[in-house]
Amino acid sequence: MSGYTAIVAGATGLVGQHVVRFLSEDDDFETVYVLNRRNVAYTHPKIQQIITDFDNVQESVAELKPTHAFCCLGTTIKQAGSKEAFRKVDEEYVLNFARAVYESGCRNFNVITALGTNSSSMIFYNQVKYEVTIALEKIGFDQLNILQPSLLLGDRGDNRMGENIAQKFFNITKKLWIGPLKNVAGIQGEQVAKAMVAISKNTGRGIFKIASGDLQDY
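Asker: Would you mind showing me how to read the packing of helix H1 (residues 16-25) against helix H7 (residues 189-200) here?
Answerer: It is at 8 Å that the axes of H1 and H7 come closest, and there the two elements cross at 45°. Considering the angle they form, H1 stands oblique to H7. Here H1 and H7 pass one another in a crossing that is right-handed. When H1 is examined against H7, the residues His18, Val19, Arg21, Phe22 and Leu23 are found in contact with a partner set consisting of Gly189, Glu190, Ala193, Lys194, Met196 and Val197. Partitioning the contact of H1 with H7 into residue classes produces six nonpolar, two polar and three charged.

So this is what it looks like as structure tokens:
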């Protein structure tokens, strides 16, 4: 056992819930701290739940000393209600969490952004994800793993008609998404989580950006 200590933000989302499960089942991780805004039922003895306010997350993280941090925070403009509210979750809360764990001594940070993030994108979602990436790169983590999945597939527990249609389409046509097309195919949230945990245990130092097609290989 390697004796790693994980901390997860966004643990109730599509990817985050699977990240918690994979960490709990991984012998390299002794403790899994889960930051939530409300109580959630967990049954694994490794999991320690921390109820927190992401506006003041530093207070919750300061004494935990995690070795590996996993950020699965994210929403949509529709869910958030406005661009400003979306930015608060997908940018402010992500950076609050990253800076808090860095100050606590964590040097391995893993985060989900999105395929196609760039400063000139006409899509507001991708613009924000790009700005977050640039800010994270400046914090100073020894290893920063930036996962860039395409459309996330899986049961989110809510009704997203467009994503449900896309999921059915990708499931029917999945054998066609090979070669260069592999990178833009939809990807299961569970697969992204599996890749995220595996990648976090790489020993290299630096900033690593992992595209959607490569996440399929874990």
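Next comes the rest of the account.
Asker: Before we go on, may I ask you to explain the pattern of salt bridges in this structure?
Answerer: Once their charged atoms are close, side chains differing in charge can pair, the charge on each being opposite to the other. Within the structure shown, the criterion is met by 11 salt bridges. Note that Arg21 is salt-bridged to Glu190, the shortest N-O span being 2.6 Å. Of this pair, Arg21 sits in helix H1 while Glu190 sits in helix H7, and the two are 169 residues apart along the sequence. The salt bridge partner of Glu137 is Lys209, with a shortest N-O separation of 3.3 Å. One end of the pair, Glu137, is in helix H5 (residues 124-137); the other, Lys209, is in strand S9 (residues 206-211), and 72 residues separate them in sequence. One salt-bridge network, in which partners are shared between bridges, spans Arg21, Glu25 and Glu190.

Asker: Would you explain the environment of Val40 in this entry?
Answerer: Inspection of the secondary structure assignment puts Val40 in the loop between strand S2 (29-36) and strand S3 (47-51). C-alpha separation for the pair Val40 and Ala11, spaced 29 residues apart in sequence, amounts to 9.5 Å. Setting aside its immediate chain neighbours within four residues, Val40 contacts Thr12 and Gln49.

Asker: I keep staring at H5 and nothing clicks. Help me out?
Answerer: Quick reminder: α-helices carry 3.6 residues per turn. Residues three or four places apart thus point the same way. Compared with an ideal rise of 1.5 Å per residue, which puts 14 residues at 20 Å, H5 spans 20 Å between its outermost C-alpha atoms and is within 8% of the ideal. Considered for burial, the residues of H5 that qualify are Phe124, Asn126, Val128, Lys129, Val132, Thr133, Ala135 and Leu136. Turning to H5, the residues buried within the fold contact helix H3 (77-80), helix H4 (83-103), strand S5 (108-112), strand S6 (143-148) and S9.

Asker: Even after reading the chapter, I still don't get the sheet that holds strand S4 (residues 68-71), so can you show me in this structure?
Answerer: Backbone-to-backbone hydrogen bonds pair the strands of a sheet. The strands run either parallel or antiparallel. Pairing within the open sheet is parallel, and its seven strands lie in the order S3-S2-S1-S4-S5-S6-S9. Whereas interior strands pair on both sides, the edge strands pair on one side only; in this sheet they are S3 and S9. Each neighbouring strand pair of the sheet contributes to a mean axis angle of 15°, computed without reference to strand direction. Packed on one face of the sheet, H4 meets strand S1 (4-9), S2, S4 and S5 and runs near 175° to S4.

Asker: How should the packing of aromatic side chains be read in this particular structure?
Answerer: Two descriptors summarise a pair of aromatic rings, namely the distance from one centre to the other and the angle between the planes of the rings. Summed over the entire model, instances satisfying the criterion amount to eight aromatic pairs. Look at Tyr102 and Phe141: their rings are 5.4 Å apart centre to centre, the planes differ by 90°, and that puts the pair in the edge-to-face class. Within this pair, whereas Tyr102 is found in helix H4, its partner Phe141 is found in the loop between H5 and S6, the two being separated by 39 residues in sequence. Tyr102 sits in the partly exposed class, given a relative accessible area of 24%. With a centroid separation of 4.9 Å and an interplanar angle of 20°, the aromatic rings of Phe109 and Phe141 are classed as stacked. Highlighted residues: Phe109 in strand S5 and Phe141 in the loop between H5 and S6, separated in sequence by 32 residues. The exposure class of Phe109 is buried, given its relative accessible area of 0%. One aromatic cluster is present, built from ring pairs that chain together Phe97, Tyr102, Phe109 and Phe141. If you follow Arg21 out to its NZ or CZ, it ends over the ring of Phe22, 4.5 Å from the centre. The ring of Tyr102 carries Arg107 above its face, with NZ or CZ at 3.7 Å from the centroid.

Asker: When you look at empty space enclosed by the protein in this model, what are you seeing that I'm missing?
Answerer: Take a probe with the size of a water molecule and roll it over the atoms, and the empty space left behind shows itself. Applying the stated criterion to the full structure yields one cavity of 30 Å³ or more. Quantified by volume, the largest cavity comes out at close to 30 Å³. In terms of lining residues, the largest cavity is bounded by Leu73, Asp90, Val94, Val111, Ile112, Thr113, Lys129 and Val132. The set of elements that each furnish at least two residues to the lining of the largest cavity consists of H4, S5 and H5. When its residues are assigned to classes, the lining of the largest cavity shows five nonpolar, one polar and two charged.

Conventions adopted
Residues numbered from 1 in each chain as written. Predicted model: local features only at pLDDT ≥ 70, side-chain atom pairs only at ≥ 80, totals over all residues. Heavy atoms only, no water. Axes fitted to C-alpha atoms, helices over the stretch in contact; angles between N-to-C directions. Helix = DSSP H or I, 4+ residues; strand = E, 2+ residues; numbered from the N terminus. Parallel < 35°, antiparallel > 145°, perpendicular 65-115°, else oblique. Left-handed = near helix turned anticlockwise from the far one by under 90°. Contact = heavy atoms within 4.5 Å. Nonpolar A, V, L, I, M, F, W, Y, C, P; charged D, E, K, R; others polar. Salt bridge = Lys/Arg side-chain N within 4 Å of Asp/Glu carboxyl O. Expected span 1.5 Å × (residues − 1). Buried < 20%, exposed > 50% of the residue type's maximum accessible area, 1.4 Å probe, protein only. Pairing = 2+ DSSP bridges. Phe/Tyr/Trp six-rings, centres within 6.5 Å; stacked < 30°, edge-to-face > 60°. Lys NZ or Arg CZ within 6 Å of the ring centre and 35° of its normal. 1 Å grid on protein atoms, 1.4 Å probe; cavity = no way out; pocket = protein on both sides within 12 Å on 5 of 7 lines; lining within 4 Å. Points joined across faces, edges and corners; volume = space filled by probe spheres on them.

In short, the description is geometric, and any link to function would need to be established separately.
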